[in-house]
Each structure stands twice: as C-alpha cells, then as structure tokens.
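# Tertiary structure, described
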Amino acid sequence: MKRFVNLLLGGALVMAFAASCEPTGTSNTEKPVLVATPESIDATGEDITTFTVLYGEEDVTAESRIFLASDNSELINKNFSTTIPGDYEFYATYNNISSDYVKVTAKSGNAELTADVSTIYSYESSVVTFTLTQEGVDVTNESTLYLIPEDGEPIPQEGFTFSSTEPGIYNFYATKGTISSNRISILVSEAEKPSNWDFRKRSLVLEFTATWCGPCSIMKAGIKSLEQEGWDDGYVAECHSGDGMAVNSILSPLATLAVGSLSFGIPMVTFNFADTPRQEGHGGSVPASAKLIRDLTDQANSDYPCTSGANVTFGEAGGNMKVTADIAITEAGEYKASCWLLENNIQENQNDLTGDPQWNLSNHINVLRAVSYIQDLTGEPMFSGANSTQRFEWEFQTSALKNKDTANAHVLVLITKQEENGDFIVNNVIRCDFGETTAFDYAE
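Residues numbered from 1 in each chain as written. Predicted model: local features only at pLDDT ≥ 70, side-chain atom pairs only at ≥ 80, totals over all residues. Heavy atoms only, no water.

If you check an unreviewed UniProt entry, the chain appears there as Omp28-related outer membrane protein from Candidatus Merdivivens pullistercoris.

## Thoughts on the pattern of salt bridges
According to the stated counting rule, one finds 20 salt bridges in the structure shown. Notably, a salt bridge pairs R202 with D232, separated by 3.2 Å at the nearest N-O pair. Note that R202 is positioned in the loop between β21 (184-189) and β22 (203-209) and D232 in the loop between α1 (214-228) and β23 (234-240), a separation of 30 residues in sequence. A relative accessible area of 7% means that R202 is categorised as buried. With a relative accessible area of 27%, D232 lands in the partly exposed category. Here the residues in one salt-bridge network are R200, R202, D232, D233 and D441, joined through shared partners. (Salt bridge = Lys/Arg side-chain N within 4 Å of Asp/Glu carboxyl O. Helix = DSSP H or I, 4+ residues; strand = E, 2+ residues; numbered from the N terminus. Buried < 20%, exposed > 50% of the residue type's maximum accessible area, 1.4 Å probe, protein only.)

## Some thoughts on the state of the cysteines
Summed over the entire model, instances satisfying the criterion amount to one disulfide. At a sulfur-sulfur separation of 2.4 Å, the disulfide partner of C213 is C216. One quick way to see it: the torsion about the S-S bond of C213 and C216 is about 85 degrees, and its sign makes the bridge right-handed. Accessibility classification places C213 together with C216 in one group, the buried group. C306 carries a free sulfur, and the closest cysteine sulfur to it, the one in C432, is 18 Å from it. No disulfide involves C339; its sulfur sits 8.9 Å from the nearest other cysteine sulfur, which is in C432. (Disulfide = S-S within 2.5 Å.)

## Details of unusual backbone geometry
For the peptide bond that leads from T37 to P38, omega is -10 degrees, which places it in the cis range. Its location among the elements puts P38 in the loop between β2 (33-37) and β3 (40-42). Along the chain, I266 connects to P267 via a cis peptide bond; the corresponding omega equals 5 degrees. Of note, P267 is situated in the loop between β24 (263-266) and β25 (268-271). Non-glycine residue N272 carries a positive phi angle of around 65 degrees. Within the secondary structure layout, N272 lies in the loop between β25 and β26 (278-280). You will see that F273, though not glycine, has its phi angle at about 65 degrees, which is positive. Following the sequence through the fold, F273 ends up in the loop between β25 and β26.

## What to know about the confidence of the model for the chain
Residues at a pLDDT of 70 or more form 93% of the chain, whose mean pLDDT is 91. Taken together, the stretch residues 7-28 has pLDDT below 50 and engages in 24 contacts with residues farther than four places along the chain or on a different chain. (pLDDT = per-residue confidence, 0-100. Contact = heavy atoms within 4.5 Å.)

Following this line, the structure appears as structure tokens:
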C-alpha cells in the first residue's frame, strides 16, 4: 500500500527566484541587439571581431557601450582580439537598456600544449612539466608558456615547468610566434592522498516519506531494522513532505531530480539519482521491506563501478558546523561533489501501521535538513584527473538543525559522475558524524 502525494497541490512546492549576474533590462522595452563579426577568430592577437549594435533597424553603435561580461570591462574601440584561446561573452548597453550576451570564440592554432600530470600537491616538491608540439614536432624550446591570472594580463613563465605551494586551479597556454595553443588547467591540491585507489562503494538511499503517511511507517521500520543490524551498504536520507520536518526549498528540486515528477506515491525510495532501481510503496511487511531495500541497494551498487572515495572531517567552526572532504578520483571523467546535512532523534508523531513499539517510529533519524549547493543537487564541478585528490570545504549553520543539537548531526558527502547517458549518477557516498573523521574506506 502507499499514499499518494502531489507536491504541487499539497503546498509543499516553494518557488525560488535566483538573482542573475547578467546585465538587466526592462521587459516591456525593446532590447538592443549586439552583433559580433565574426563570431570566431584565431587567438593570434591580430584577428579581430568587430561589434555592431542595432536598435530595431537603426545602427546605434556609436551611441552604445560594449562590455566584456567576465569583468564588465568596456571595449573602447568596440572591437576585440586576444592571444588567449577560449570563449568570451559580451553585451552592449543603449539608453541604459542591456542586450543579450553574444559569444565570441578565440581558437587556438595548430600548437598543442600538454602536461605530464594534471594534479600536484602543495605539500610536496612536485613539478608539472609542459610540452608544446606543432604538427607532431616538439617546439617547446622555441615557445613561451603563460600563466593566465584571474585578473590582468597573462604572465610569461621562465621555462616550461610549474610548481606552487598555494592550492588552487591554475590555467596555462603557450605561444610559438603568433600561434597560440589550447589552454590547460593544473590543480595544486592540499588534499590528503589515499594509500591506494580502490575504494568501497555505498549508494545514496533517498526515502521520500511523511509522518501523516501510514504506509511509510512500514518502510521506515524496514530501514531501521537494517541499520540496527549494522547494514551500511547504502546511506539513507529521509526527505519529508507536508509535515514538521519538510524542507520545502529542497523537496521540489530533489523530487524533480530523483523521481522526475512532483506527483508520486509515498513511500518512494530511489537510489543514486538513477532511474532504476526504485521502489514506490512498502514491501508488504517490515521484514519484506528490509529485504527489498537490501536487494535494491545491492543492485544500485553493482550498476556503476566505484571510481571515487573521500576522507571527511565534520566539526565545529566559529559556532557553525564545518565539513572538510578530501575527494579522490581514480578514473578520469566529469565529477561533481556536494554535502548534505542530516539529523537524528527528531520527535514527531508518526502514523504507525506496524503496531510494534520496538521501532520507535516517532523518533526520526537520517532526516535531510540542508544541502551545500541547492543550485545543482548533483554537486559542484570537480577538477577530476585520474588518481587525483581535491579538497572541498562546506559550512552549515547550526540553526538548520531542528533541535539545534550538533550531537545529532551527521553529513553525507556525495560524489557524482557523468555516465554514458549524460546523467550525473551518485558514484559514492561517505558518511561522517559530528566531531568525527571518516577515513578513506577501501574495497576488500
């Protein structure tokens, strides 16, 4: 049996409006149109894009201002050239009305810049060595390497090596004469390295539930029974709807991501943001529900290979809660990382159909209270070279906890990877209790 919940009609959907960094205009006024000619140039410093601004059919270029969007610097001559390859966005203003963005691509020449490693560590005397080739010929000794700073002009380097004790992501390109190479990024990491790169995998078990839902009690008891046995092949996050533990700002985007709908039956259990496996409704009894979750978790763990792990510390920082995660990647790909705050021992009356007080279902555990990156629940992009480690830090306010007691708090660090279907699927989950450190956990 199951109860049907509609997040739209049930009042659980909260619309959130995000401020945009794009230049603003007025919706009831015609916008100027910025035209770039051409939209693609060679990154030689000599190839030029010229801009024109139209207002209706009128050319108003002379009366307009044109800006590089990344730093809002004005193009006084209304044209653009560069020796740094990449994509650049521009906008124009006319009579205080802003145009839409226009993209110009600066293409690299036939020179290819490579590096022997993509990650070095700030606490080691490690060095990156670059090589520039042109049509397969090594031209490093005839070329110049440049560091691209966040602000200002590119900085020529002495030679084709780089090391640093300052953590961060550093961008480089090289030139041979007027020919520019591609740009590449190097991560200088302060993160701890694992002793090996074969990690144990756990799945995200996402349980949509509610205190008013009687059938949900049977699924909750099944999961509780598993955890009391010491089962930890997956980590559970309870997402509540329409009760005192619901966090509406999370509920709607999470349902959209994990279920693909705002209207579905509960209890609903999904795994790793994947389409399958999933379970709508309980298993018929507490033991059957426990077996169902165990079996589905085993399936979820086997669907995608584990290529990540993390060392996580969770503690106090200035009155708030701070998480530090050293995330290790074993296989190149597109990865993201995020952190979820969960709370145990929240007391709210549960509509209980089990009839068995041993489960103490009005004492709620694994309740989702906050996420590190609400803009994208699959996480923040990682610099993810093979056999590399990157440090992430997140903070949560103690006020996010319903009982404001950090002793009942734990976090889940989620590492997602883009799979062949284009979706970011949870690759591994690491749990850490408040005041503790969870070390890298290796496969047996």
